[in-house]
Amino acid sequence: MNIFAKFKETAFSVLPVMIVVVLLGLTIAPLHLGTMTRFVLGGILVIFGLTLFLLGVDIGILPIGERSGAALTAKRSLKLLLAAAFLIGFIVTVAEPDVQVLADQVRAIAPGVSKWGLILMIAVGVGFFVALGILRTVLSIPLNILLTVSYIGVFALAFCAPATFQGVAFDSGGATTGPMTVPFIMALGVGVAAVRSKTGKNGKIASSAEDSFGLTGIASIGPVLAVIVYGISIHATSDAAISGEAAGHGLIGHGIFVFLNLLPSIFMEVATALAPLAAMAALFQIFLLKMPPMQVVRMVRGFVLSFVGLVLFLCGAHGGFMPAGEALGEVLGEASLQGSFWTALLVAVGVVFGAIVVCAEPAVWVLTDQVESISGGTIKRKVMLVALSAGVALSIGISMCRVLFGFSLWYILIPGYALALVLSFIAPKLFTAIAFDSGGVASGPMTSTFILSFTLGASSASGGNPSVDAFGVIALVAMTPLIAIQILGIIFKVKSNRSEKAKIAAGGEE
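(A) How the structure looks around the environment of M400. Positionally, M400 belongs in helix α16 (residues 381-405). Residue M400 is classed as buried on the basis of its relative accessible area, which comes to 0%. Once residues within four sequence positions are removed from consideration, M400 is found in contact with L346, V347, G350, F454 and T455.

(B) Fine view of a nonpolar patch on the surface. Together, F7, V40, L41, I44, F48, I256, F257 and L260 make up a nonpolar patch on the protein surface, roughly 710 Å² of accessible area in all. Elements with a minimum of two residues in the nonpolar patch: α2 (33-74) and α12 (257-289). With respect to the element layout, F257 can be found in helix α12.

(C) Examining the pattern of salt bridges more closely. What the rule picks out here adds up to 4 salt bridges. A salt bridge links K6 to E9, with the shortest nitrogen-to-oxygen separation between them at 3.8 Å. Taken together, the positions of K6 and E9, both in helix α1 (residues 3-26) and 3 residues apart, correspond to about one turn of that helix. Using a relative accessible area of 7% as the deciding quantity, one classes K6 as buried. Here K6 and D58 are joined by a salt bridge, their closest N and O atoms 3.0 Å apart. Remark: D58 occurs in helix α2 and K6 occurs in helix α1; sequence separation between them is 52 residues. It is possible to trace a salt-bridge network through shared partners that takes in K6, E9 and D58.

(D) Main features of the nonpolar core. Of all hydrophobic cores here, the largest spans 157 residues; its most connected members are L277, L328, F353, L413 and F450. Ranked by residue count, the leading element in this core is helix α13 (residues 293-335), at 15 residues. Residues contacting L328, with those up to four places away along its chain left out, are V21, L24, A29, L31, F353, F450 and F454.

Basis of the calculations
- Residues numbered from 1 in each chain as written.
- Predicted model: local features only at pLDDT ≥ 70, side-chain atom pairs only at ≥ 80, totals over all residues.
- Heavy atoms only, no water.
- Helix = DSSP H or I, 4+ residues; strand = E, 2+ residues; numbered from the N terminus.
- Buried < 20%, exposed > 50% of the residue type's maximum accessible area, 1.4 Å probe, protein only.
- Contact = heavy atoms within 4.5 Å.
- Patch = residues over 30% accessible without salt bridge, like charges linked within 9 Å, V, L, I, M, F, W, Y side chains within 5 Å.
- Areas by Shrake-Rupley, 256 points an atom, 1.4 Å probe, with all protein chains shown as cover.
- Salt bridge = Lys/Arg side-chain N within 4 Å of Asp/Glu carboxyl O.
- Core = buried A, V, L, I, M, F, W, Y, C linked by side-chain atoms within 4.5 Å.

This is the structure in structure tokens:
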């Protein structure tokens, strides 16, 4: 991957958000000059950090996932494959930057919650469901059946969790499927599917395209369930610890010294997060992969780039991006108390951010290109972008309404997921697999850092309870592709059927 191409993708993802914030900060929602300066510096660090991190993932980490999946499947040991799948899901999640950011934001408003306790619970959930997803592929269990049963169980248990953990739980499902976890898990699934093959009626070996998708969608259920269990287990402690204040106040400082002060602690956190992944890669290389020296050097180079990039990204996010998002949310949230115009403005700003964020995510462009290719050009990329943009804009607009009016997250999640699961029995199976895989695509780094901080700030300033009213925004963003892509799949199915009928009719006339 060319570093300039990766830089262009990342800059296109971050710069639109930065431009809108600067315009708002200089006009209708004035921000302190120091906050604006840190935001710009933080944005630059985020761009360079994500560029290096994603480049490192591409050249050094993704090949491990794909090669490991293929090599483990070739061993013909189901127990070994499932155990390795759990270990991979667990370790990759610990290293996921979006999970680190989410845990920090939860910890900021709920001091009774252990950051690493939350991260480890999320990692356990991902590991278990990655193993379950691999088992589904091996046993050819229908994806829609597994998803339906799993989500019914999740929602049933979620009603037993404290309200302060319900939004966090569903947000963790979207945050987990970030730039580290999604590519690695998808690579693992592709590796397994490449080795596992099906014998058709004609006796020829044919791989199933459906087996290459769906694993990420299954994996995203795990953290939701794990955080619900975690919330129930520390119910009394978490309720007592909720402060009702938005995250990020401790990050406001003076200029570049903010980033320098953050560097030592973030350096240690990143080292702690990536060390298990590096150890796993070394063990796989020694006992399983046995790659030639040149590929090992490439893998090491990828880890170094990922490490440096993740340090820069987290410094930029914590030192500038998140505090500015919170401050902007506070200004607009406080203004919303003055009348209906400012209330409508807060919702409108949320809608604009939603449209910008989803169109700016590089992974969204990859997804839309993939669907256009699969559909043979029937489903155009522009149509998908419009559908996703409108859906995510609506999701964040609804989140702003939740902040202002305090209605339950269940009013949106239950009918939304019910519709998505019903569509899974109607839409083509391949589109259903892609849809649930792409749930985390829309909820990328910008959502986990800036949008969530913006929502927390707005909730705190408008007199709400951030732990209940603000968390859930990532979940709503992640829910949008589940519906949009399956609807497009149904449209593709209808158009294909009409085309086939037209061809048959034309042949009959001849």
